[in-house]
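An overview of the molecular structure
Spelled out, the chains give:
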Amino acid sequence: MLFAEGNERFNMTTPVSVLRLPKGPDPNSRGFDPKSPRFIALCRTSIATSPASEADAEQLPREQHARSVLRERFLRCLLSMANKKIQFHMYERVKVEATFRASDIDVLNFQVSDLHTPIGVQKEALIRCHDVILFTFDA
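How each quantity is defined
- Counting restarts for each chain, with residues numbered from 1 along the sequence as it is written.
- Per-residue local features of the predicted model are confined to residues with pLDDT of at least 70, and side-chain atom pairs are confined, for both listing and counting, to 80 or more; whole-chain, interface and lining totals are unaffected and use all residues.
- Side-chain numbers come from the whole structure's heavy atoms, not from hydrogens or water.
- Residue types Ala, Val, Leu, Ile, Met, Phe, Trp, Tyr and Cys, when buried and joined through side-chain atoms within 4.5 Å, form a set referred to as a nonpolar core.
- Here the term buried applies to any residue with accessible area under 20% of the maximum for its type, exposed to any over 50%, and partly exposed to those in between, with areas from a 1.4 Å probe on protein chains only.
- Labels follow the DSSP assignment, with helices taken as runs of H or I lasting at least four residues and strands as runs of E lasting at least two, numbered in each case from the N terminus.
- In what follows, a contact means two residues having at least one pair of non-hydrogen atoms within 4.5 Å.
- For two strands to be treated as a pair, DSSP must find no fewer than two bridges joining them.
- Each residue carries a pLDDT score, the predictor's own confidence in it, on a scale running from 0 to 100.
- To estimate the expected span of a helix, subtract one from its residue number and multiply by 1.5 Å.
- In what follows, salt bridge is the name for a side-chain nitrogen of Lys or Arg lying within 4 Å of a carboxyl oxygen of Asp or Glu.

Structural notes on the nonpolar core
Counting 16 residues, the largest nonpolar core has F88, F110, V112, L115 and I127 as its most contacted members. Breaking this core down by element, the ones donating at least two residues are α3 (59-81), β3 (85-90), β4 (94-103), β5 (109-117) and β6 (120-128). Not counting residues within four places of it along the chain, the set of residues in contact with F110 comprises L78, F88, F100, A102, S103, A125, L126, I127, C129 and F135.

Spelled out as C-alpha cells, the structure:
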C-alpha cells in the first residue's frame, strides 16, 4: 500500500488492523457520552457512602479503609490476570473464555483476545464489566 503525505510517499509493508468499537446508545456517536443520563445511571465511577456512615462520623474512616483494602485487592487481581486464560460467567448462563489483556481506568470494560463464545471465536474484543457476574482463572 502506498500513502502520500505532501510530496513524500510511504510504502506500508504490513497492514494495520483496526478494532471497531460498537456504537453507543446515541445513534450519532461512536461511543458512550460520559455526560449522558444513561451513562451516569449505569456507569457510576464512585459509590456513595452508606447511610450509617453519614450519621456516624467514626464509621466513615473505617468504611474508607475497608474500601481502599478491597480496591487494592481487586487491582492486584487484575494484575495477576494479565495474559492468562479467564472464564467469564455472564448473564443468561453464558460462559465465555478469553485471554485477559487490560482494563480501562474505570474498570468498565475488559480488553480480551481469542474470545471463545457459543457462536464462535473473536480475535479481539471488549467485554463490558456490567455484563460479567463472575470470572475465574488459574493462579
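Moving on, there is more to tell.
Digging into the pairing of β6
In summary, the side chains of a regular strand alternate between the two faces of the sheet. Examined bridge by bridge, β5 and β6 share 8 bridges and lie antiparallel to one another. Among the inter-strand pairings, H116 is bridged to a residue of β6, identified as V121. Here β5 folds back onto β6 in antiparallel fashion, the turn holding 2 residues.

Some points on the confidence of the model for the protein chain
Confidence in the prediction of the protein chain, expressed as mean pLDDT, is 77, and 62% of residues score 70 or more. Looking at the elements of the protein chain, mean pLDDT is at its lowest for strand β1 (residues 2-5), recorded as 48, and at its highest for β3, recorded as 95.

Observations regarding α3
Between its first and last C-alpha, α3 extends 33 Å over 23 residues, near the 33 Å set by a 1.5 Å rise per residue. Where α3 is concerned, the buried positions are E63, L78 and M81. Once α3 finishes, N83 follows within two positions and takes phi at roughly 60 degrees, a positive value.

Focus on the pattern of salt bridges
Taken as a whole, this structure holds 3 salt bridges when the rule is applied. Between E63 and R67 there is a salt bridge whose closest N-O contact spans 3.1 Å. Of this pair, E63 and R67 both sit in helix α3, 4 residues apart, which is roughly one turn of that helix. What makes E63 buried here is its relative accessible area of 13%. A salt bridge links R128 to D131, with the shortest nitrogen-to-oxygen separation between them at 2.9 Å. Of the residues examined, R128 reaches a relative accessible area of 43% and is grouped as partly exposed. Overall, D131 belongs to the partly exposed group, its relative accessible area being 25%.

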